[in-house]
Amino acid sequence: MDGHRLDSLDLALLETLHDRPRAGDLELSRALGVARATVQSRLRRLEQAGVVRGWGPQVSLEASGFGVAAFVSLEIAQGALDSVREELVTIPGVVEAWVTTGASDVLLRVAAASHAGLQQVLIDLNRSTSVVRSTSVMVLSTLIEQRLLPLLATTAADRGARAPAYR
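Residues numbered from 1 in each chain as written. Predicted model: local features only at pLDDT ≥ 70, side-chain atom pairs only at ≥ 80, totals over all residues. Heavy atoms only, no water.

(A) Local environment of the pairing of strand β3 (residues 106-112). Burial runs high along β3: five of the seven residues are buried. The sheet contact formed by strand β1 (residues 68-76) and β3 spans seven bridges and is antiparallel. Note that in β3 the partner of V72 across the bridge is L108. In this structure, strand β2 (residues 94-99) lies alongside β3, joined through five bridges in antiparallel fashion. Directly across from V99, in β3, lies its bridge partner V106. Hairpin connection between β2 and β3: a loop of six residues separates the two successive antiparallel strands, and G102 in this loop has a positive phi of roughly 100°. (Buried < 20%, exposed > 50% of the residue type's maximum accessible area, 1.4 Å probe, protein only. Helix = DSSP H or I, 4+ residues; strand = E, 2+ residues; numbered from the N terminus. Pairing = 2+ DSSP bridges.)

(B) How the structure looks around the sheet that holds β3. Taking strand neighbours across the sheet as the criterion, the four strands line up as β2-β3-β1-β4 in an open arrangement whose pairing is antiparallel. In the strand order of this sheet, the two ends are held by β2 and β4 (131-139), each with one partner. Each adjacent strand pair in this sheet contributes to an overall mean axis angle of 20°, direction not counted. The sheet strands contacting helix α4 (residues 81-88) are β1, β2 and β3, and the helix crosses β1 at an angle near 155°. (Axes fitted to C-alpha atoms, helices over the stretch in contact; angles between N-to-C directions. Contact = heavy atoms within 4.5 Å.)

(C) Seen up close, the packing of helix α2 (residues 25-32) against helix α3 (residues 36-48). Running from amino to carboxyl end, α2 crosses α3 at an angle of 110°, the nearest separation of the two axes being 8 Å. With respect to α3, the element α2 is oriented roughly perpendicular. Facing α2, whose interface residues are D25, L26, L28, S29 and L32, α3 presents R36, V39, Q40 and L43. Of the residues in the contact of α2 with α3, the class split is five nonpolar, two polar and two charged. (Parallel < 35°, antiparallel > 145°, perpendicular 65-115°, else oblique. Nonpolar A, V, L, I, M, F, W, Y, C, P; charged D, E, K, R; others polar.)

Right under this line is the structure:
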């Protein structure tokens, strides 16, 4: 899937929203030097393309009392992906899950309030009849928070904005 191609105005809009997530269209248009209608149409396009997926708050698991985290790789029975997904969504401690290649089939990010809570999440995972083996790796600290803007900038840097500047 090719995805939506960002230009420099799209990137500037995303960077401004990152720095000022509660900014309205008027404030964004002034910060970017473009018309308010341009900001509105760009945001609508970014939403429709799936680039902007939501407007809710970013929630810190650690600050919310879930400071114990781990990555868990699962080897699953042949053809059991759908049933594993159904089981995973019932376990609240499973924060994210990806289908992978290599020795494991699924990689999970899990969180809990305590080591005992993490142990319970691991026990719940291993109760699945579809899970052949699980391996967990504890997270000690976060070295780099999730960041997308530097990656997005690598493709938008050479693409100029198509909207006229607003003065």
